[in-house]
Each structure stands twice: as C-alpha cells, then as structure tokens.
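# Chain and residue survey
The lines below spell out each chain.
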Amino acid sequence: MGATVGIDLGTTNCAVARIDEFGKPEIVRNSLNEPTTPSVICFHDGEVAVGQNAQELQATGAGEVAAFFKRSLGDPNFLFFGGGVDHSPTDLSSILLSHLKREAEATLGTTITDAVITVPAYFRNPEREATLEAGRRAGLNVLQIINEPTAAAIAYGGRQTSNRTQRIIVYDLGGGTFDVTLMEQGPEGIKVLASDGDHELGGKDWDDRLVDFLSTAFEREFGECPMDDPISAFDFGVKAEDAKKHLTSVGEARVTVLHGGNRGRYSITRQDFEEMSRDLMERTIMLTDRVIDGQGISPEQVDGVLLVGGSTRMPMVRNYITSRFGKPPMGGVDVDQAVAFGASMMAAEKTLSLQPRRTGLAGPLRVTDVTTHSLGMIAVNQDMSAYTNSIILAKNNPIPSSETR
Ligand code: AMP
C-alpha cells in the first residue's frame, strides 16, 4: 500500500501533510521546498504549469491563468477556456490535485494512494461531490471529505492534554473564503454546533482595497488608469498584497508601482489600511456573532478561538478576537498548516485503525458535524398559486439525522 496524506485544497493555497514515523503530522513540501502551493494553473504553449510556476507565468502575462476556481466547484455553468479546451472547476481541481500528488510523491519517494481532502464547512453536496470526483480523477482513493474547521480542530485537539470539554470557535479567513465554526471539543471527540461563512470574502478583498488606493493615487498623479492594462493590473495586485503582508509587522508600508513608463511612490499606514477595510472586517464579525447568537451563548462562554488561514495574521483580526472574546486567540497550531495537519491525522486514523495507534492523536477520533444549510423541498400551496420553501432538516442539525414529513 502507498502513502496516505491529508490535503488542504485551498482557494488560494494548498498544503499536503502526512503522519511521520513518530506519529506527528508534518507538512510534505513541494519540489520548490515550499510548505504550500498556490492554487493557480497556467495553460501556456501546450504546457500546463501549476502552483508557483503558474504564478510566475501569470506575472509575465503569458498563457491563460485559472485561479480562485474553488469558488466555482459544483457550478455546471462555469467553464474556463485554457490550452484550447474548456475546463470545468472539477477538471481544474483534478489538475491541481494531480500536481500536489506528484510533487508529494517526489518528496516522500513513494506513491500516494489515499487521501483525506478538506472542504469549507458551507460547501453543499454538489461542491463536495465535485471535490471527491477531482480527487478520484487525480488517482487518489479519497478516504473522506472533511470540513476545514473540523480538520483544524482535530490538529489542535491532537495537541491538547486537558480532559475538559471546551467550546471553541474556529475563525478561518483565507485568501478567498471566510468560515466560522462553533464546536465542542473534549474527551468524547469533536462536536460541531454551528457553522457559517461567506465564500466571497477573503484576503483578496483586502488586497483589492489597497489596489483601489494605489490605482486611484496613480491616476490622480499621472492621469492614466493602470487597471486598463492587464500586466500593470496584475503588478498592482502583487504590490498590494506585499504591502498588506508588510503592514502585518510594521506600521507603515511604502509601495512603488510602475505603469506606462511612470513610477508612483505611495505610503500607507496600518491605520489607513484598517480604515479602508473596516467593512470587510465587520462582515466577519457579523457572521461570527450570528453563529454564537444562534446557539444562545455569549462570547464569554467561548473557551477559545482558533485562528486558521493566512489572513488571520492581520493584526486587525487578532485585535478583534481579543476584544470580543476577552482573551487572545489560542496558539500552538500554525494558521497555514492546521487544516492539512488535521486532514492527515484523520487519514491516518482511517488507514491505521487496525494497526497500533500512530495518528498523533491522544485518543480515538470522534467527529460529529452539522448540516451547514437547511434542507427541504419546494412545496406548492393549496390553491397552487405560490411556491414555498418547506424546510425539513434545519441548518446546524447534527449529522446523521433524519426527519420524515
Ligand atoms: P490561505 O488561503 O489560508 O493560504 O491564505 C492566503 C491569504 O493569506 C492571502 O490573501 C495572503 O495575502 C494572506 N496572508 C498571508 N500572509 C499574510 C500576512 N503576513 N499578513 C496578512 N495576510 C497574509
């Protein structure tokens, strides 16, 4: 039998992890020795580049570049034209997964046969089926599709020594999606109580605010809009993201942008950046409050907040969590690695169940998830004049559950 891995198939970045010979999860680095691989594909000159290579081609304006396609998984109307053919989001995800598998196999020096793949908690059935299909087409035996926040909690739980049941929030802000989950974690396992999210909200939206700021300043100075030129627009995007990351550690960032032979130099403070993205932050706050309120609990009754996703490095996120919950976020798990770690622990749990336990977990792994959408039927009223949505299983019902009506 080949190796078993956990795959965090992210909107912007992916990570692969496995359980090492000491029972600890570890990231399987790609051929560039990077722990994560950008979820970007570039069709260029009859070749298909994936990850960092695709991003480099994108910077030169070469080829057809597919990114953020996870947002369209399960959508039958989305097609990406690249290399002379149409690709569905499932096709693109399978190209990405094949690449991750190949690179991880080269690093480990062994074939990878089985995987647990993660998806956002709010994915409905079509998106989950599409992920499963993409995994199969990549030659993987997909042991299970698990929710990203659940995987993160597993990674955290594997390091927990306390026997007490804790109520935790997983606040996951990645590059393209936001996910918030309330769960109970204790000796009995992990029980998801409620989940919510917005798959059109992520670090990219914060970048776009900085792109607006830079392009407006540039246009004011030189009378030319750089956004009309795709190469300049891409370059402004890269500079904006760099400035954003810079503002995580310093109070002020200086940015130099080029377009049409002109060079603009601008400076932006962390305070300005927080001001221009306040409404984005508030959307995450509203969704977090909705999850807590929906369970009838107050922020004080939450034992800890686990941060997941690269965008949670922004100081505004940490500050919000600390002020809202009266304590800083929980530490101990890397925000980029937690999901892949949890997936690898789940994968090992599934394949090693007949062997001595070497999953990195303190005890058996029991996970209870919830439905993240209401499920029901469209019904027609008695005089046949109107349709109503008849909910049979409400949102946040434990899985499995059944109801007959
Ligand atoms: P993920 O989807 O979890 O890989 O997160 C990717 C997002 O995290 C991108 O939008 C990145 O720009 C963002 N990110 C990564 N590092 C930082 C940082 N140091 N400060 C702010 N955002 C970051």
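Look above for the structure.
A brief report on the enclosed structure follows. These figures come from a predicted structure and were not determined experimentally.

## What about the overall build of the chain?
- Counting its secondary structure elements, the chain contains 10 helices and 20 strands.
- Taken over the C-alpha trace, the chain has a radius of gyration of 22 Å; the compact-globule value for 405 residues is 22 Å, and the two agree within 12%.
- Each principal axis of the C-alpha distribution contributes one length, and for the chain these read about 65 × 55 × 50 Å.
- Counting all 405 residues of the chain, 48% fall into the buried class.
- On the chain, roughly 18,900 Å² of surface is accessible, and the fraction owed to carbon and sulfur atoms is 48%.
- Positive and negative side-chain charges of the chain, numbering 38 and 54 respectively, have mean locations separated by a distance of 6 Å.

## Concerning the site of the ligand
- For the ligand, the set of nearby residues contains 14 residues, the closest of which are T12, G175, E241, K244 and T248.
- Here S311 contributes a backbone N or O atom positioned 3.2 Å from an oxygen atom of the ligand.
- A per-element tally of the shell around the ligand places helix α6 (residues 230-249) first, with 4 residues.
- When grouped by side-chain class, the residues that make up the shell around the ligand number 1 nonpolar, 9 polar and 4 charged.

## Overview of the side chain of T371
- Tracing the backbone through its elements, the reader meets T371 in the loop between β18 (367-368) and β19 (375-380).
- With near-sequence residues (within four places) excluded, T371 lies in contact with A394, K395, N396, N397 and I399.

## Some points on the sheet that holds strand β14 (residues 189-198)
- Spatially, the 5 strands line up as an open sheet ordered β17-β12-β13-β14-β18, and their pairing is mixed. Of all the strands in the sheet, just β17 (304-308) and β18 have a single pairing partner and so form its edges.
- Bridge count between strand β12 (residues 166-173) and β17: 5 bridges; the pairing is parallel. Residue pairing across strands places I169 opposite V305, the latter belonging to β17.

## Considering the sheet that holds strand β7 (residues 64-67)
- A sheet is described by the order of its strands in space; here 3 strands give the open sequence β6-β5-β7, paired in antiparallel fashion. The open sheet has two edge strands with one neighbour each: β6 (47-50) and β7. Here the strands of the sheet are splayed against their neighbours by 20° on average, with no regard to which way each runs.
- Docked against the sheet, helix α1 (residues 52-60) engages β5 (40-44), β6 and β7, running at close to 60° with respect to β5.
- Packing of helix α2 (residues 89-108) onto the sheet brings it into contact with β5, β6 and β7, and relative to β5 it is tilted by some 100°.

## Some points on the pairing of β6
- Here 4 bridges tie β5 to β6, and the two strands are oriented antiparallel to one another. Bridging across to β6, F43 finds its partner in V48.
- Turn length for the β5-β6 hairpin, with the two strands adjacent in sequence and antiparallel, is 2 residues, and the turn residue D45 shows positive phi of about 55°.

## Some thoughts on a negative patch on the surface
- A cluster of like negative charges, contributed by E219, E224, D228 and D229, occupies part of the molecular surface.
- Owing to a relative accessible area of 38%, E219 belongs among the partly exposed residues under this scheme.

## Description of the packing of aromatic side chains
- Summed over all chains, the structure comprises 6 aromatic pairs.
- When the centroid spacing of 6.3 Å and the interplanar angle of 75° are considered together, the rings of Y122 and F123 count as edge-to-face.
- You can call F123 buried: its relative accessible area is 6%.
- A connected cluster of aromatic rings, assembled from ring pairs, spans Y171, F178 and Y320.

## Quick notes on helix α9 (residues 315-325)
- The set of residues buried in α9 consists of P315, M316, V317, Y320, I321 and F325.
- Considering only its buried residues, α9 is in contact with β12, α5 (203-222), α6, α7 (270-276), α8 (278-294) and β17.
- Directly beyond the C-terminal end of α9, a positive phi value near 70° is found at G326.

## A closer look at the pattern of salt bridges
- All told, the structure shown has 20 salt bridges when counted by the stated rule.
- One salt bridge in this structure joins R18 and E21, with 3.5 Å as the shortest N-O distance.
- For R18, a relative accessible area of 22% translates into the label partly exposed.
- For E21, a relative accessible area of 52% puts it in the exposed group.
- For K204, the salt bridge goes to D208, with nearest N and O atoms at 3.0 Å.

## Examining the environment of G83
- Note that G83 resides in the loop between β8 (80-82) and β9 (85-87).
- Assessed through its relative accessible area of 53%, G83 is described here as exposed.
- For the pair formed by G83 and G46, sequence separation is 37 residues and the distance between their alpha carbons is 6.1 Å.
- When sequence neighbours within four positions are dropped, the list of residues in contact with G83 reads F43 and E64.

Rules used in this analysis
Residues numbered from 1 in each chain as written. Predicted model: local features only at pLDDT ≥ 70, side-chain atom pairs only at ≥ 80, totals over all residues. Heavy atoms only, no water. Helix = DSSP H or I, 4+ residues; strand = E, 2+ residues; numbered from the N terminus. Rg over C-alpha atoms; globule rule 2.2 N^0.38 Å. Buried < 20%, exposed > 50% of the residue type's maximum accessible area, 1.4 Å probe, protein only. Areas by Shrake-Rupley, 256 points an atom, 1.4 Å probe, with all protein chains shown as cover. Lys, Arg positive; Asp, Glu negative; His and termini not counted. Charge placed at Lys NZ, Arg CZ, Asp CG, Glu CD. Near = heavy atom within 4 Å. Polar contact = N/O pair within 3.5 Å; in protein donor to acceptor, adjacent residues only side chain to side chain. Nonpolar A, V, L, I, M, F, W, Y, C, P; charged D, E, K, R; others polar. Contact = heavy atoms within 4.5 Å. Pairing = 2+ DSSP bridges. Axes fitted to C-alpha atoms, helices over the stretch in contact; angles between N-to-C directions. Patch = residues over 30% accessible without salt bridge, like charges linked within 9 Å, V, L, I, M, F, W, Y side chains within 5 Å. Salt bridge = Lys/Arg side-chain N within 4 Å of Asp/Glu carboxyl O. Phe/Tyr/Trp six-rings, centres within 6.5 Å; stacked < 30°, edge-to-face > 60°.

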